[in-house]
Amino acid sequence: MAKIIVVTSGKGGVGKTTSAAAIATGLALRGNKTIVIDFDVGLRNLDLIMGCERRVVYDLVNVIQGEATLNQAMIRDKRTENLFILPASQTRDKDALTPEGVEQVLNNLKDEFDYIICDSPAGIERGAQLAMYYADEAIVVTNPEVSSVRDSDRILGLLGSKTRLAEQGKEQVKEHLLITRYNPHRVDHGDMLNLNDITEILSIKLLGLIPESEAVLRASNQGVPVTHDDDSDAGQAYADTVSRLLGEDVPLRFHEAQKKSFLSRMFGGRR
């Protein structure tokens, strides 16, 4: 039976879709059959980040409205065994998603997959609420800035009250915090919130910290999830995040500014 995990954020532009793609890829690389679903109807981007935009024929809305089967709409990732993508529609609006339709899609996937990753639109509108409604766990993505953290706090309120588990009075959706675009040098200069500030405000367990990195932009433009770039700090940080999601105890990295050695300062960092 699959575990349903929503990747969500209050604020747009925090790296949510990048994170959904990277985490889904990491889970599949660890041998878990995984599908990542784009819920951002009308503004789909997951297919670009996964590098499969030219292979999209049918989408989530087509499946919900009975215009295509799941097998017709799912795209098998060419790089990673056990990884599939279910894209969003680029031409419909979010009213095309229905609770009954989403539930049916998820139920049909549960027996086939180990993990279902729901890439939620930012904010609190219909698509975002449907992406989180059936979730077992949630990864809340935030940047180290006040507005992003405040909007994430609003999302935590919805996870605690507007999901099926909350409505049924069962155990709440398990919440994880993922901090992206973290730059310890800027934190030290007071330009960003520090790690302790963010975790204290949101009061949920930290799953991962992704450093600000050119590797993320490069991977997105190439249509390759950054998890494949295991030489980059961001790729390693996402791999660490996946390990923690799987229950492993992995030390936190990339949260402290690296001090240059004497020779590095003398020779401009060439050593």
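Look a little higher up for the structure.
Small disclaimer: the values here were computed from a predicted structure and weren't measured. (Residues numbered from 1 in each chain as written. Predicted model: local features only at pLDDT ≥ 70, side-chain atom pairs only at ≥ 80, totals over all residues. Heavy atoms only, no water.)

Participant: Hey, could you run me through the state of the cysteines in this one?
Facilitator: Note: disulfide means a covalent bond formed between the sulfur atoms of two cysteine side chains. The full count for this structure, using the stated rule, is zero disulfides. The thiol sulfur of C52 is not disulfide-bonded, and the nearest other cysteine sulfur, from C118, lies at 16 Å. (Disulfide = S-S within 2.5 Å.)

Participant: Sorry, what's going on with the environment of N221 here?
Facilitator: Inspection of the secondary structure assignment puts N221 in helix α11 (residues 214–222). Looking at N221, the relative accessible area reads 64%, which means it is exposed. (Helix = DSSP H or I, 4+ residues; strand = E, 2+ residues; numbered from the N terminus. Buried < 20%, exposed > 50% of the residue type's maximum accessible area, 1.4 Å probe, protein only.)

Participant: Any chance you could explain unusual backbone geometry here in plain terms?
Facilitator: Most peptide bonds take the trans configuration, and most residues that are not glycine carry a negative phi. Phi is positive for R181, which is not a glycine, with a value near 55°. With respect to the secondary-structure elements, R181 resides in strand β7 (residues 174–182). Since its relative accessible area comes to 40%, R181 is described here as partly exposed. Phi is positive for S203, which is not a glycine, with a value near 55°. Relative to the assigned elements, S203 resides in the loop between α10 (195–202) and β8 (206–211).

Participant: I'm lost on helix α12 (residues 233–245) in this one. Help?
Facilitator: Helical geometry note: an α-helix holds 3.6 residues per turn, so side chains three or four residues apart project in the same direction. The terminal C-alpha atoms of α12, which comprises 13 residues, lie 18 Å apart, in line with the 18 Å expected from a rise of 1.5 Å per residue. Burial of α12 is extensive: ten of the 13 residues sit out of reach of the surface. Residues of α12 that are buried sit in contact with β1 (3–8), α1 (16–29), β6 (137–142), β7, β8 and α11. Just downstream of α12, G247 is the residue with a positive phi angle, here 95°. (Expected span 1.5 Å × (residues − 1). Contact = heavy atoms within 4.5 Å.)

Participant: Sorry, what's going on with the packing of α1 against α12 here?
Facilitator: Axis angle and axis distance: for two packed helices, these are the angle between their axes and the distance between the axes, and together they describe the pair. Between α1 and α12, the least distance of the axes is 9 Å, while the angle of their chain directions is 65°. Between α1 and α12 lies a crossing whose hand is right-handed. In this structure, α1 contributes T18, S19, A22, I23, G26 and L27 to the contact, and α12 contributes Y238, T241, V242 and L245. Of the residues assigned to the contact of α1 with α12, the class counts are six nonpolar, four polar and no charged. (Axes fitted to C-alpha atoms, helices over the stretch in contact; angles between N-to-C directions. Left-handed = near helix turned anticlockwise from the far one by under 90°. Nonpolar A, V, L, I, M, F, W, Y, C, P; charged D, E, K, R; others polar.)

Participant: I tried to follow the packing of aromatic side chains on my own but got confused; where do I start?
Facilitator: Aromatic ring pairs are reported here in terms of the distance separating the ring centres and the angle at which the planes meet. Scanning the model with the defined rule gives two aromatic pairs in all. Their ring planes at 85° and their centres at 5.5 Å tell us that F84 and F113 sit as a pair that is edge-to-face. Residue F84 is found in strand β4 (residues 83–86), and its partner F113 is found in the loop between α5 (99–110) and β5 (115–119); the two are separated by 29 residues along the sequence. Grouping residues by exposure puts F84 and F113 together as buried. Relative to Y134, the ring of Y133 lies with its centre 4.8 Å away and its plane at 85°, an arrangement referred to as edge-to-face. Cation over ring: K33 sits above F113, and NZ or CZ is 5.1 Å from the ring centre. (Phe/Tyr/Trp six-rings, centres within 6.5 Å; stacked < 30°, edge-to-face > 60°. Lys NZ or Arg CZ within 6 Å of the ring centre and 35° of its normal.)

Participant: I keep staring at the pairing of β5 and nothing clicks. Help me out?
Facilitator: Across a regular strand the side chains alternate sides, sitting on one face of the sheet and then on the other. Most of β5 sits out of view: five of its five residues are buried. A two-sided burial pattern is seen for β5, the buried positions comprising Y115, I117 and D119 on one face and I116 and C118 on the other. In terms of strand pairing, β1 meets β5 through five bridges, oriented parallel. Across the sheet, I5 pairs through a bridge with I117, a residue of β5. When strand β2 (residues 34–38) meets β5, the two strands line up parallel, connected through five bridges. Within the sheet, the bridge partner assigned to V36 lies in β5 and is I117. (Pairing = 2+ DSSP bridges.)

Participant: Teacher, can you tell me more about the nonpolar core here?
Facilitator: One broad rule of soluble globular proteins: the nonpolar side chains tend to lie buried together. Of all hydrophobic cores here, the largest spans 50 residues; its most connected members are I35, I37, L109 and I116. Ranked by residues supplied to this core, first place goes to helix α7 (residues 146–159) with five residues. Among the nonpolar cores identified, the runner-up in size contains 35 residues, and A20, A24, L27 and A237 belong to it. (Core = buried A, V, L, I, M, F, W, Y, C linked by side-chain atoms within 4.5 Å.)

Participant: So what exactly am I meant to see when it comes to the sheet that holds β1 here?
Facilitator: Backbone-to-backbone hydrogen bonds pair the strands of a sheet. The strands run either parallel or antiparallel. Within the open sheet, the eight strands sit side by side as β3-β4-β2-β5-β1-β6-β7-β8. Their pairing is mixed. In the strand order of this sheet, the two ends are held by β3 (75–76) and β8, each with one partner. Pairing between β1 and β6: four bridges, direction parallel. Each bridged residue has a counterpart across the sheet, and for I5 the counterpart in β6 is E137. Against the sheet, α5 contacts β1, β2, β4 and β5, and its axis sits at roughly 150° relative to β5. Lying over the sheet, α12 contacts β1, β6, β7 and β8, oriented at roughly 175° with respect to β8.

Participant: Whenever I open this one, the environment of L202 confuses me. Can you help?
Facilitator: Inspection of the secondary structure puts L202 in helix α10. Note on L202: relative accessible area 5%, which makes it buried.

Don't take any of this as a statement about function, it's just geometry.
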